[in-house]
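Below, each chain spelled out in residue letters.
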Amino acid sequence: MTNLKYLQNISLFDNQFSGVIPQSLGINSSIVMLDCTNNNFSSNIPPNLCFGKNLRELNMGSNRLQGVVSSDIGRCETLRRLILNENNFSGALPDFERNINLKYMDISKNNISGPIPSSLGNCTNLTYINLSWNKFAGLVPSELGNLVNLVILDFAHNNLQGSLPLRLSNCTKLDRFDVGFNFLNGSLPSSLRSWTSITTLVLRENHFTGGIPEFLAELSNLRELQLGGNLFGGKIPRSIGTLHNLFYGLNLSANGLKGNIPSEIGKLGMLQSLDISLNNLTGSIDALGSLVSLLYFNISYNFFTGSVPATTILAKLLRSSPSSFLGNHLCVTFSCIYADNLNPSDKEPERASDPKQMFFNVRGEESFEFTNDSDYELKISTEKMSSLQEQVLEATENLKDEYIIGRGAHGIVYKAIIGQQVCAVKKLEFGRNKKKRLNIMRNEIKVLRIIKHRNLIKYVDYWIGKGYGLLLYEFIENGSLYEILHEKKPAPPLTWNVRCKTAVGIAQGLAYLHYDCIPPIVHRDIKPKNILLDNNMEPVIADFGTALCKKQLEDSNSHSETRKRLSSHVVGTPGYIAPENAYDIVPGRKSDVYSYGVVLLELITRKKLLVASINDEADEIHIVTWARSVMMETGMIENIVDPYLVSAFPNSIALTMQCKSLQCFHWHYNAQRRIHKRGRP
């Protein structure tokens, strides 16, 4: 390879190469692009890659590379993308003195130390910088204020000190700013009010002081605000209630905040996660009762008083996570749940005799435990029927068939109206294989308690008896994608915009599971029957009974028995299972992405998994094989897509542009993995 005089582009990504990258690479040729992402290379970076002065893209992420990032890389004026994340690089980062072409830099998850080079301020076209999970020390360079095109800046998990420079206010295009888990201090500069485009602001686990700034209310596009683990004092400002776009989280925990919760905080109607624990807050928690979208909630270790009304979202959160209320002086208006400093109220809740008023589990003597970070105990009722079971049976007239809305491999799903809430109830019969069925249910509950995303099903409650278990979810109005595509008569028309919204929503849900969820999760059964659509045609991924979290995958890599068990049978639905799962020991993210590609074909073609062969209608072939053969034989994309779309886009060129993803369906799962690894939007 080193003697190939005209060699320019080298793509080796997603293989199992190991050993040394030839150190003379680049001397005899003018390398333009080198991509060896996701291998096991363990050498230094070849010192002559920029020798020909043409190197534009250097992508060596997810290997075992070591040594320092050489000064030649910093002086490479043609370089546009530098991706060295997830390696073992050490030493200091070189200066980047004259590189105005550099747009993207990801050097996260290494052992690089020393200061962040102030010379980065010379790279004025940078839009993305990720130096997180290293050992950088010293100040945040004020020269970064020169980077007026910067969109993402991530310095989290380093040893940075000092205050945030005022000149950062020049970076008005910032969308995400993360300096969490450092030693930064001082108050937040009011000049940062210029960050009007920012959606994610993470300052947690530092030493910032002062009060929570009022100017944060001017950052109206914020979707996530993380201020926990600092030295902020004073009251929670009322103006925080104007951040109506807060969705992913508001974290003010572990500060020195005092006073009451402002009533305005109840206006954050989209908020899914709230953490105000470990402060000195007082008064009641009534203002939080209107936060109906909350999925995660922690008010522990404050000085709150009063009651937790049984009819609010707070009661539901108390049932699912009583530890989130510890260390206060709260009384509970139902007596079935106890925790430290939670006192049963003598006063009965209004209409307490109504069995549909609230959910809770009466548990008996038999039990088993979750095997995740903290042990949960699910107990099987041996003597009493739980209130939840009674409510489900009453709402479904003892699980009559007329309430069935779906059937799956692991259970029957019913629609039940309990109190004011419409739920989907999955009944899992244990039968002879009780242990296996219990494990499936246990696994699903564990995963559902982790995930929090608009495109993933929301968990409500559970009940387990001797012969069967019940899992309660939110009810999704429009049923499954499979029903809409293939079963509803007459078939509802699906515009391109609706299909595009569905495709993007599923992808966002999978991206969260694979890369943003902690721990990451592989679903393992993505198919149209497990994609639900709400009344806005927003997709919701459901059925996590066979999902695997990263911890399980890591365990499987280190324990031969687990590996043998995982590889002994293929999990998923035939036709949607990635071909490599027939021989791969442990299924990974790509298996989900392959399944997603098959779903995309069904979505755009509106054909079922098995399609009549173009040569013999009596012979059915897989939709991927069918689509490939039609394209190879006719070259016309109109012959693949749903005729409704053909009529909507009579211009075949425009249609081809709209449906261009079909032209590359055969490599879609490799492409998506590469996109995530390379950090592309």
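In this text the structure is predicted, and so the values were computed from the model without any measurement.

1. Comments concerning the overall build of the chain
Okay, step 1: Along the chain, the regular secondary structure elements total 13 helices and 41 strands.
Okay, step 2: Going through the 681 residues of the chain one by one, you find that 52% of them count as buried.
Okay, step 3: Sequence separation of at least 24 residues holds for 53% of the intrachain contacts in the chain that already meet a minimum separation of 6.
Okay, step 4: Working note: accessible area of the chain is about 30300 Å², and carbon and sulfur atoms make up 50% of it.

2. Let's talk about the packing of helix α9 (residues 589-605) against helix α10 (residues 623-634)
Packed helices, taken two at a time, are described by their axes: the angle between them and the distance between them.
Okay, step 1: Packing of α9 against α10 leaves a shortest axis separation of 10 Å and a crossing angle of 60°. Classed by the angle they form, the pair α9 and α10 counts as oblique. You can see that α9 and α10 cross each other, and the crossing is left-handed. From α9, Tyr594, Val598, Leu601, Glu602 and Thr605 reach across to α10, where they touch Ile623, Val624, Trp626 and Ala627.
Okay, step 2: Tallied by class, residues from the contact of α9 with α10 come to seven nonpolar, one polar and one charged.

3. Overview of the pairing of strand β8 (residues 88-92)
Okay, step 1: As defined by bridge partners, strand β6 (residues 66-67) adjoins β8 across two bridges and the pair is classed as parallel. Along β8, the bridge assignment pairs glycine 67 with phenylalanine 89.
Okay, step 2: Of the strand pairs in this sheet, β8 and strand β10 (residues 111-114) are connected by three bridges, and their pairing is parallel. Residue serine 90 lies in a different strand from β10, and its bridge partner there is asparagine 111.

4. Brief notes about the sheet that holds strand β34 (residues 459-464)
Okay, step 1: Strand order in the open sheet formed by five strands is β31-β32-β33-β35-β34, with antiparallel pairing between adjacent strands. Edge positions in the sheet fall to β31 (404-408) and β34, since each has one partner strand and no second. Taking the axes of each pair of neighbouring strands and ignoring which way they run, one obtains an average angle of 25° across the sheet.
Okay, step 2: As paired strands, β34 and strand β35 (residues 468-474) are joined by five bridges and run antiparallel to one another. Looking at the pairing, aspartate 461 lines up with leucine 472 of β35.

5. Some thoughts on the nonpolar core
Okay, step 1: Judged by nonpolar contacts, the single largest core of 93 residues is most densely connected at Phe177 and Leu288.
Okay, step 2: Of all the elements in the fold, those that place two or more residues in this core are β26 (303-308) and α2 (313-320).
Okay, step 3: No other element matches the four residues that α2 contributes to this core.
Okay, step 4: Beyond its immediate chain neighbours, meaning those up to four positions away, leucine 288 contacts Ile261, Ile265, Leu274, Ile276, Phe297, Ile299, Ile313 and Leu314.

6. Focus on the environment of valine 413
Okay, step 1: Assignment of secondary structure puts valine 413 in strand β32 (residues 411-418).
Okay, step 2: The sequence separation of valine 413 and tyrosine 403 amounts to ten residues, and the corresponding C-alpha distance is 8.4 Å.

7. Section: unusual backbone geometry
Okay, step 1: The omega torsion of the bond from lysine 489 to proline 490 falls at -5°, within 30 degrees of zero and hence cis.
Okay, step 2: Here proline 490 is to be found in the loop between α5 (481-487) and α6 (496-516).
Okay, step 3: Even without being a glycine, serine 62 presents a positive backbone phi close to 60°.
Okay, step 4: Unusually for a residue other than glycine, arginine 606 sits at a positive phi of about 60°.
Okay, step 5: Its place among the elements puts arginine 606 in the loop between α9 and β40 (610-612).

8. A look at the sheet that holds strand β16 (residues 183-186)
Okay, step 1: With respect to topology, seven strands assemble into an open sheet ordered β6-β8-β10-β12-β14-β16-β18, the strand pairing being parallel. Among the strands making up the open sheet, the edge pair consists of β6 and β18 (207-208).
Okay, step 2: The pairing of strand β14 (residues 159-162) with β16 spans two bridges and is parallel. Across the sheet, glutamine 161 pairs through a bridge with phenylalanine 183, a residue of β16.

9. Side note on the packing of α6 against α9
Okay, step 1: One can describe the packing of α6 onto α9 by two numbers: an axis separation of 11 Å at closest approach and a directional angle of 175°. In terms of their interaxial angle, α6 and α9 are classed as roughly antiparallel. Residues Arg499, Thr502, Ala503, Val504, Ile506, Ala507, Leu510, His514 and Tyr515 of α6 lie in contact with α9, whose contacting residues are Arg589, Asp592, Val593, Tyr596, Val599, Leu600, Leu603 and Ile604.
Okay, step 2: Residue composition of the contact of α6 with α9, grouped by class: twelve nonpolar, two polar and three charged.

10. Focus on the pattern of salt bridges
Okay, step 1: By the definition in use, this model includes 13 salt bridges.
Okay, step 2: Among the salt bridges present, the one from glutamate 264 reaches arginine 238, with a minimum N-O distance of 3.0 Å. Of this pair, glutamate 264 sits in the loop between β22 (256-259) and β23 (273-275) while arginine 238 sits in the loop between β20 (233-234) and β21 (249-251), placing them 26 residues apart in sequence.
Okay, step 3: Overall, the relative accessible area of 52% leaves arginine 238 in the exposed class.
Okay, step 4: Lysine 426 is paired through a salt bridge with aspartate 543; the nearest N and O atoms lie 3.5 Å apart. Taken together, the residues span a long stretch of sequence, with lysine 426 in strand β33 (residues 421-429) and aspartate 543 in the loop between β38 (539-541) and β39 (548-549) at a distance of 117 residues. Here the two residues lysine 426 and aspartate 543 agree in accessibility, since each one is buried.
Okay, step 5: Here the residues in one salt-bridge network are Lys426, Glu444 and Asp543, joined through shared partners.

11. Digging into the confidence of the model for the chain
Okay, step 1: Chain-level statistics for the chain give a pLDDT mean of 81 and a share of 81% at 70 or above.
Okay, step 2: Below a pLDDT of 50 lies the segment residues 334-385, which in the model reaches 122 contacts outside its immediate sequence neighbourhood of four places, other chains included.
Okay, step 3: Of the regions scoring below 50 in pLDDT, residues 554-568 engages in 13 contacts with residues more than four places distant in sequence or in other chains.

12. Regarding the side chain of asparagine 182
Okay, step 1: Relative to the helices and strands, asparagine 182 is located in the loop between β15 (176-178) and β16.
Okay, step 2: A relative accessible area of 4% means that asparagine 182 is categorised as buried.
Okay, step 3: Polar side-chain contacts of asparagine 182 include one of 3.3 Å to the backbone oxygen of glycine 180.
Okay, step 4: Sequence-distant contacts of asparagine 182, that is, excluding residues within four places in its chain, are made with Phe155, Ala156, His157, Asn158, Asn159, Leu160, Glu205 and Asn206.

13. Regarding the packing of aromatic side chains
Okay, step 1: A full pass over the atoms with the stated rule returns six aromatic pairs.
Okay, step 2: On the numbers, 6.1 Å between centres and 15° between planes, the contact of phenylalanine 17 with phenylalanine 41 is stacked. Of this pair, phenylalanine 17 sits in the loop between β1 (9-11) and β2 (18-19) while phenylalanine 41 is found in strand β4 (residues 40-41), placing the two residues 24 residues apart along the sequence.
Okay, step 3: Classification of phenylalanine 17 as partly exposed rests on a relative accessible area of 37%.
Okay, step 4: With a relative accessible area of 8%, phenylalanine 41 lands in the buried category.
Okay, step 5: Taking the ring centre of tyrosine 104 as reference, the NZ or CZ of arginine 81 above it sits at 4.2 Å.

14. Here's the deal with the pairing of β33
Okay, step 1: Bridge count between β32 and β33: seven bridges; the pairing is antiparallel. Paired with lysine 415 across the two strands is alanine 424, which belongs to β33.
Okay, step 2: Counted along the chain from β32 to the antiparallel partner β33, the turn is two residues long, and its residue glycine 419 has a positive phi close to 65°.
Okay, step 3: In this structure, β33 lies alongside β35, joined through seven bridges in antiparallel fashion. Of the residues in β35, the one forming a bridge with alanine 424 is tyrosine 473.

What counts and what doesn't
- Residues numbered from 1 in each chain as written.
- Predicted model: local features only at pLDDT ≥ 70, side-chain atom pairs only at ≥ 80, totals over all residues.
- Heavy atoms only, no water.
- Helix = DSSP H or I, 4+ residues; strand = E, 2+ residues; numbered from the N terminus.
- Buried < 20%, exposed > 50% of the residue type's maximum accessible area, 1.4 Å probe, protein only.
- Contact = heavy atoms within 4.5 Å.
- Areas by Shrake-Rupley, 256 points an atom, 1.4 Å probe, with all protein chains shown as cover.
- Axes fitted to C-alpha atoms, helices over the stretch in contact; angles between N-to-C directions.
- Parallel < 35°, antiparallel > 145°, perpendicular 65-115°, else oblique.
- Left-handed = near helix turned anticlockwise from the far one by under 90°.
- Nonpolar A, V, L, I, M, F, W, Y, C, P; charged D, E, K, R; others polar.
- Pairing = 2+ DSSP bridges.
- Core = buried A, V, L, I, M, F, W, Y, C linked by side-chain atoms within 4.5 Å.
- Salt bridge = Lys/Arg side-chain N within 4 Å of Asp/Glu carboxyl O.
- pLDDT = per-residue confidence, 0-100.
- Polar contact = N/O pair within 3.5 Å; in protein donor to acceptor, adjacent residues only side chain to side chain.
- Phe/Tyr/Trp six-rings, centres within 6.5 Å; stacked < 30°, edge-to-face > 60°.
- Lys NZ or Arg CZ within 6 Å of the ring centre and 35° of its normal.

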